[in-house]
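Structural description and commentary
Listed below, chain by chain, are the residues.
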Amino acid sequence: MKRALITGITGQDGLYLAELLAAKGYEIFGLIRGQDNPKYDLVRATVPGITLLKSDLTDISSLVRALNRAQPHEVYNLGAISFVPYSWENPVLTTDVTAKGVMNLLEAIRMWAGNDLSRVRFYQASSSEMFGEVREVPQNESTLLWPRSPYGVAKVFGHHLTINYRESYGLHASSGILFNHESPRRGPEFVTRKVTQAVARIALGQQKLLTLGNLEARRDWGFAGDFVQAMWLMLQQDEAQDFVVATGVAHSVRDLLDVAFDEVGIDDWESHVRQDDRYLRPAEVHHLIGDARKARDTLGWQPTVTFDELIRMMVQADLKEQRVLSLV
Ligand code: GDD
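Conventions and cut-offs
- Residues numbered from 1 in each chain as written.
- Predicted model: local features only at pLDDT ≥ 70, side-chain atom pairs only at ≥ 80, totals over all residues.
- Heavy atoms only, no water.
- Pairing = 2+ DSSP bridges.
- Helix = DSSP H or I, 4+ residues; strand = E, 2+ residues; numbered from the N terminus.
- Axes fitted to C-alpha atoms, helices over the stretch in contact; angles between N-to-C directions.
- Contact = heavy atoms within 4.5 Å.
- Phe/Tyr/Trp six-rings, centres within 6.5 Å; stacked < 30°, edge-to-face > 60°.
- Lys NZ or Arg CZ within 6 Å of the ring centre and 35° of its normal.
- Near = heavy atom within 4 Å.
- Polar contact = N/O pair within 3.5 Å; in protein donor to acceptor, adjacent residues only side chain to side chain.
- Areas by Shrake-Rupley, 256 points an atom, 1.4 Å probe, with all protein chains shown as cover.
- Nonpolar A, V, L, I, M, F, W, Y, C, P; charged D, E, K, R; others polar.
- Domains from an automatic or database assignment.
- Parallel < 35°, antiparallel > 145°, perpendicular 65-115°, else oblique.
- Left-handed = near helix turned anticlockwise from the far one by under 90°.
- Buried < 20%, exposed > 50% of the residue type's maximum accessible area, 1.4 Å probe, protein only.
- Buried area = accessible area lost by both parts, 1.4 Å probe.

Spatial strand order, 3-2-1-4-5-6-11: seven strands in an open sheet with parallel pairing. Edge positions in the sheet fall to strand 3 (51-54) and strand 11 (242-245), since each has one partner strand and no second. When the angles between neighbouring strand axes are averaged without regard to direction, this sheet yields 20°. Taken together, the four bridges between strand 4 (residues 74-77) and strand 5 (residues 121-127) define a ladder with parallel strand orientation. The residue bridging Val75 from the neighbouring strand is Phe122, located in strand 5. Packing of helix 1 (residues 12-23) onto the sheet brings it into contact with strand 1 (3-7), strand 2 (27-32) and strand 4, and relative to strand 1 it is tilted by some 175°. Most of the contacts of helix 5 (residues 91-113) go to strand 5, to which it runs at about 175°, and overall it touches strand 1, strand 4 and strand 5.

Turning next to the packing of aromatic side chains. Any aromatic ring pair is given by two values, namely how distant the centres are and how the planes are angled relative to each other. What the rule picks out here adds up to seven aromatic pairs. Their ring planes at 80° and their centres at 5.4 Å tell us that Phe83 and Phe190 sit as a pair that is edge-to-face. Highlighted residues: Phe83 in the loop between strand 4 and helix 4 (86-89) and Phe190 in the loop between strand 7 (181-182) and helix 7 (191-203), separated in sequence by 107 residues. Seen from their ring centres, Phe131 and Phe179 are 5.9 Å apart, and the 35° between their planes marks the pair as tilted. Of this pair, Phe131 sits in the loop between strand 5 and helix 6 (150-169) while Phe179 sits in the loop between strand 6 (172-178) and strand 7, and the two are 48 residues apart along the sequence. Seen from the ring of Trp232, Lys24 lies directly overhead, with NZ or CZ sitting 3.9 Å from the centre. Lying across the ring of Phe190, Arg186 places its NZ or CZ 3.8 Å from the centre.

Among the 25 residues in the neighbourhood of the ligand, the closest are listed as Ser127, Ser128, Tyr151, Arg281 and Glu284. The separation between an oxygen atom of the ligand and a polar side-chain atom of Asn180 is 2.8 Å. At a separation of 2.7 Å, an oxygen atom of the ligand approaches a polar side-chain atom of Arg186. When the free accessible area of the ligand is taken as 720 Å², the share hidden by the protein chains comes to 96%. Here the residues of the shell around the ligand are counted per class, giving 12 nonpolar, six polar and seven charged. Both domains that furnish three or more residues to the shell around the ligand are identified here as domain 1 (3-181 + 224-245) and domain 2 (186-219 + 249-282 + 305-327).

What describes two packed helices is the angle between their axes and the distance between those same axes. The contact between helix 9 (residues 253-263) and helix 11 (residues 307-327) brings their axes to 9 Å, and the two run at 50°. Judged by the angle between their axes, helix 9 and helix 11 are oblique. Relative to helix 11, helix 9 is oriented so that their crossing is right-handed. Two secondary-structure elements touch here, helix 9 through Asp255, Leu256, Val259, Ala260, Asp262 and Glu263 and helix 11 through Phe307, Asp308, Ile311, Arg312, Val315 and Gln316. In the contact of helix 9 with helix 11, the residues fall into six nonpolar, one polar and five charged.

Let's shift gears to the environment of Ser271. Looking at the secondary structure, you find Ser271 in the loop between helix 9 and strand 13 (273-275). Since its relative accessible area comes to 47%, Ser271 is described here as partly exposed. Residues Ser271 and Leu210 lie 61 residues apart in sequence; the distance between their C-alpha atoms is 9.5 Å. A polar atom in the side chain of Ser271 sits 3.2 Å from the backbone oxygen of Asp268.

On to the pairing of strand 2. Of all six residues in strand 2, five are buried; the element is thus mostly enclosed. The pairing of strand 1 with strand 2 spans four bridges and is parallel. Residue pairing in the sheet places Ile6 in a bridge with Gly30 of strand 2. Bridge count between strand 2 and strand 3: four bridges; the pairing is parallel. Each residue of the ladder has a partner; that of Gly30, found in strand 3, is Leu52.

A word on the domain arrangement of the chain. Splitting the chain by domain gives domain 1 (3-181 + 224-245) and domain 2 (186-219 + 249-282 + 305-327). Here the C-alpha centre of domain 2 lies 28 Å away from the C-alpha centre of domain 1. Each partner contributes residues to the interface: domain 1 has 10 residues there, and domain 2 has seven residues. Of the roughly 830 Å² buried where domain 1 meets domain 2, counting both sides, 57% is carbon and sulfur surface. When residues of domain 1 are sorted by the area they lose upon contact with domain 2, Phe83, Trp88 and Asn180 head the list and together hold 49% of the total. Our count for the domain 1 to domain 2 interface comes out at one residue pair in polar contact (both at pLDDT 80 or more). Taken together, the residues of the side of domain 1 that touches domain 2 sort by class into four nonpolar, four polar and two charged.

Here is the structure:
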């Protein structure tokens, strides 16, 4: 039986990946942070049989202990401080977790695996946010990185470190440069879920206004359930490499509003939406769109859920959730 260790198990991607690996018969170990993590029960309920180990990306000794316990064949580093605006408020913590955390985990792997690094494969969750002020359109694996946030800078460090450990030590280490990926499990601070949750509440008469930042920003939004497939496929290849994972189609926040409000039968959404400079970022990433040809050709990966289907799925899930919440 294959064993996988996942950091960031409590997040959207951690849960989808754990479900995928469980269906493939893996024994799964998830690293969970903090004394009384409120997501403990959610993870146990979503992935029955998972072993949760108390560990923290900022504490290398806890990582070595977790590796010793799990003896993993595959390590997926999904743990990070992932909300971009937060990274301007807490840049040092973001760097400690999102950048230095990768160093801690890779060094912990070397300490645990000793001379036999071939016993383990490593996946690093890199991000399209690394492209920032984009140098070419669409972005591929060799596009110059130009991050625009402390988060993006931290991800660049993790990305290059992953490549460096592959080149220095021969570790099977792959970096997935994932464009925005969403689902009903997305945190409500991210724009897709913020919109779909508010649209559901507006449709049910529980909320009147939705306040947003930059409506012109464009993103290549895909479905998280599709994207975790690509992570797994990367670690099944003979050769470790880096891959862009994206749908190749970009939409604006306005397009997102069009689809989400349409799903509840509202077409004059302008009266429900306010733009507030409070939500603008010190440096914006205006337009991301990925070229995932390498993932398609090498991994045989392609997305199965369109932007339209994704947003409608999220609105429906939020309607259901809000109806349940209104009963309690
Ligand atoms: N969050 C948020 N809230 N974003 C808003 C809002 C708002 O009220 N209004 C407009 N936006 C715009 C942001 O300015 C940004 O351009 C875009 O919507 C997407 O914002 P997020 O959903 O917060 O995602 P992100 O692109 O910053 O980052 C996500 O994707 C990255 C991959 O490119 C995160 O998941 C990162 O962790 C991930 O690496």
